[in-house]
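Breakdown of the fold
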Amino acid sequence: MNIVIFGPPGAGKGTQSKFIVNKFKLYQLSTGDLLRSEIKNKTQLGSKISSIINSGELVSDEIVSNLIEKFVSNNTYKDKIIFDGYPRNLVQAKNLDDLLKKYKQKIDIVLKLSVSLETVKKRISERQTQEKRADDNEEIAIKRYQTYEKSSEPVIDYYKQSHLLKVVNGEAGISEINSEISGLIDAIKG
Ligand code: AMP
């Protein structure tokens, strides 16, 4: 089973992905984490993307596409991936379908976590004290939320049309969201 978890910054994608990984024995593919590790390791790619990430914009589709292909092509992860933070726009959504097809896989469910901008601001300021992410301050959080609003609608429509989309109330408590997601995944596992 391959899962896409989708939502604005601060929606709880990372937290919920970790829960799903443990419960359903999957692997988390967080494009944000992969990109941040490039910056941390001071790679050539890292120096190219750090200013983009710190401004709240999206990195190019080509860069993230290369990163995810490394993961999708690896047999260890076959049909066991939770895509956290990918796709972020329609081009990426279509690219993901093509890529999965190439490696004889597909998406089984798309979980969309819905949260308001107010909640995003609150959660990001909490996360800033815990994780110290360079792009976690209120101004950039608003920018990242706007970036999400701008590019997410076509992605949501795309997954609605393919009947893969499940909307989860991301305003609820962590364990409530955990159980809702578990129920949705169990239901499609049959
Ligand atoms: P995240 O950890 O998912 O909030 O991602 C942090 C930042 O990494 C985003 O604000 C983007 O700049 C970049 N990023 C992560 N995933 C993608 C993606 N799929 N496409 C483009 N940029 C991305």
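Just above sits the structure.
Residues numbered from 1 in each chain as written. Predicted model: local features only at pLDDT ≥ 70, side-chain atom pairs only at ≥ 80, totals over all residues. Heavy atoms only, no water.

**Points about the pairing of strand 3 (residues 81-84)**
Along strand 3, one buried face is formed by I81 and F83 and the opposite face, lined by I82 and D84, is buried too. Bridge count between strand 1 (residues 3-6) and strand 3: three bridges; the pairing is parallel. Directly across from V4, in strand 3, lies its bridge partner F83. Here strand 2 (residues 27-30) runs beside strand 3; their pairing, made up of four bridges, is parallel. Within strand 3, the position partnered with L29 by the bridge is F83. (Buried < 20%, exposed > 50% of the residue type's maximum accessible area, 1.4 Å probe, protein only. Helix = DSSP H or I, 4+ residues; strand = E, 2+ residues; numbered from the N terminus. Pairing = 2+ DSSP bridges.)

**Details of the site of the ligand**
Around the ligand, the surrounding shell holds 16 residues, and the nearest of these are T31, R36, E57, G85 and Q92. Contacts to the ligand include E57, whose backbone N or O atom sits 2.5 Å from an oxygen atom. Separating a nitrogen atom of the ligand from a backbone N or O atom of G85 is a distance of 2.9 Å. For the ligand, the accessible surface in isolation is 480 Å², of which the surrounding protein chains cover 96%. For the shell around the ligand, the per-class residue count stands at six nonpolar, four polar and six charged. (Near = heavy atom within 4 Å. Polar contact = N/O pair within 3.5 Å; in protein donor to acceptor, adjacent residues only side chain to side chain. Areas by Shrake-Rupley, 256 points an atom, 1.4 Å probe, with all protein chains shown as cover. Nonpolar A, V, L, I, M, F, W, Y, C, P; charged D, E, K, R; others polar.)

**Considerations on the sheet that holds strand 4 (residues 109-114)**
With respect to topology, five strands assemble into an open sheet ordered 2-3-1-4-5, the strand pairing being parallel. Looking at strand neighbours, the two that pair on one side only are strand 2 and strand 5 (165-169), the edges of this open sheet. Pairs of neighbouring strands in the sheet enclose a mean axial angle of 20 degrees, with direction left out of account. Helix-sheet contacts for helix 2 (residues 31-40) involve strand 2 and strand 3, and the interaxial angle to strand 2 is about 65 degrees. (Axes fitted to C-alpha atoms, helices over the stretch in contact; angles between N-to-C directions. Contact = heavy atoms within 4.5 Å.)

**Quick look at the environment of A141**
On the secondary structure map, A141 appears in helix 7 (residues 138-161). Look at A141 and you get buried, because its relative accessible area is 1%. Taking the C-alpha atoms as reference, A141 lies 19 Å from E153; in sequence the two are twelve residues apart.

**Re the nonpolar core**
Inside soluble globular proteins, nonpolar side chains tend to come together where they are buried. Grouped together as the largest cluster of nonpolar side chains are 28 residues, with contacts concentrated most on V4, L35, F83, L96, I107, V110 and Y159. Elements with a minimum of two residues in this core: strand 1, helix 3 (44-55), helix 4 (61-72), strand 3, helix 5 (90-102) and helix 7. Those residues in contact with Y159 that sit more than four places away from it in its chain are V4, P87, A93, L96, I107, V110, L164 and L165. (Core = buried A, V, L, I, M, F, W, Y, C linked by side-chain atoms within 4.5 Å.)

**Focus: the packing of aromatic side chains**
Under the counting rule described, the total for this entry stands at four aromatic pairs. With a centroid separation of 5.6 Å and 50 degrees between ring planes, the pair formed by F6 and Y148 is classed as tilted. Residue F6 is located in strand 1, and its partner Y148 is located in helix 7; the two are separated by 142 residues in the primary sequence. The class for F6 is buried, based on a relative accessible area of 5%. (Phe/Tyr/Trp six-rings, centres within 6.5 Å; stacked < 30°, edge-to-face > 60°.)

**Let's talk about the pattern of salt bridges**
Evaluated as defined, the whole model comprises eight salt bridges. Here E69 and K102 are joined by a salt bridge, their closest N and O atoms 2.8 Å apart. Here the residue E69 occupies a position in helix 4, and K102 occupies one in helix 5, the gap between them amounting to 33 residues. Residue E69 is classed as partly exposed on the basis of its relative accessible area, which comes to 22%. One salt bridge connects R144 with D136, and the closest N-O pair in it is separated by 2.9 Å. Classification of R144 by relative accessible area gives buried; the value is 11%. (Salt bridge = Lys/Arg side-chain N within 4 Å of Asp/Glu carboxyl O.)

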